[in-house]
Amino acid sequence: MSKRLAVLGTGAIGSSIGADLTKAGEEVTLIDQWPAHVEAMKARGVRVIMAEGELHTPVQAMHVGELCTLREPFDVVLLTAKSYDTCWMVELIKPYLRPDGALVSLQNSLNDEWIAPIIGPGRDIAGVIELSAEILEPGVVQRNTSPARTWFALGELHGRVTPRLGEIAGIVGAAGKTEISPNIWGAKWSKLTV
């Protein structure tokens, strides 16, 4: 069964991931607070410039203020915002995440300590990401890490490997090599110290 996905915070990293998931045929909505970027994505899609070439993908984009128009909640939300935007963005998306859905933090730092109290630890999946990108202008991203070198690690906060973790890793795998970690806290600390 197809999952309803959202990428919340679609700067350079979120736009790159959203374009990859859209290209892979996933039903994904890119949500952001920057009006010019959202309007550019709606009008022209996302253009991702890489050393290997360009990916120009039409995407479904939405401004954070349009969330109230949703009729169906999301199954999975990939949070790709800066750490300082974590709490308010998780509070914002909470009503639009299915009760059995998952929010995956694809951010730097240990933000799951803030996320879990808001949505519940059972709906929080932690992640580590190796992907460098930058926004050049609204709707245009320079991806510095090729898709072949992009890497993600995903893990449940309790450390067990669950079926949903495998399913979400399969989805995220469209954007880069994705591993499941039984020690996601250790993986996040390793990334943080580097």
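Residues numbered from 1 in each chain as written. Predicted model: local features only at pLDDT ≥ 70, side-chain atom pairs only at ≥ 80, totals over all residues. Heavy atoms only, no water.

### Concerning unusual backbone geometry
1) Next: Located in the positive-phi region is S109, a residue other than glycine, with phi close to 85°.
2) Next: Within the secondary structure, S109 is located in the loop between β7 (97-105) and α4 (112-119).
3) Next: The class for S109 is partly exposed, based on a relative accessible area of 31%. (Helix = DSSP H or I, 4+ residues; strand = E, 2+ residues; numbered from the N terminus. Buried < 20%, exposed > 50% of the residue type's maximum accessible area, 1.4 Å probe, protein only.)

### Considerations on the sheet that holds strand β9 (residues 133-137)
1) Next: Spatial strand order, β4-β3-β10-β9: four strands in an open sheet with mixed pairing. The sheet terminates laterally at β4 (53-57) and β9, the two strands that pair on one side only. Across the sheet, the axes of successive neighbouring strands diverge by a mean angle of 25°, strand direction being ignored.
2) Next: Here five bridges tie strand β3 (residues 46-50) to β4, and the two strands are oriented antiparallel to one another. Looking at the pairing, R47 lines up with H56 of β4.
3) Next: Contacts between helix α1 (residues 12-23) and the sheet are confined to β3, β4, β9 and β10 (140-143), with β4 contributing the most and set at about 75° to the helix. (Pairing = 2+ DSSP bridges. Axes fitted to C-alpha atoms, helices over the stretch in contact; angles between N-to-C directions. Contact = heavy atoms within 4.5 Å.)

### Considerations on the pairing of β10
Look at any regular strand and the pattern is simple: side chains alternate between the two faces of the sheet.
1) Next: The pairing of β3 with β10 spans three bridges and is parallel. Paired with V48 across the strands is V141, a residue of β10.
2) Next: Pairing of β9 with β10 involves four bridges; the strand directions are antiparallel. Bridge pairing links E137 to V140 in β10.
3) Next: Here β9 folds back onto β10, and the loop between the two strands holds two residues, one of which, G139, carries a positive phi near 80°.

By themselves, these figures tell us nothing about what the structure is for.
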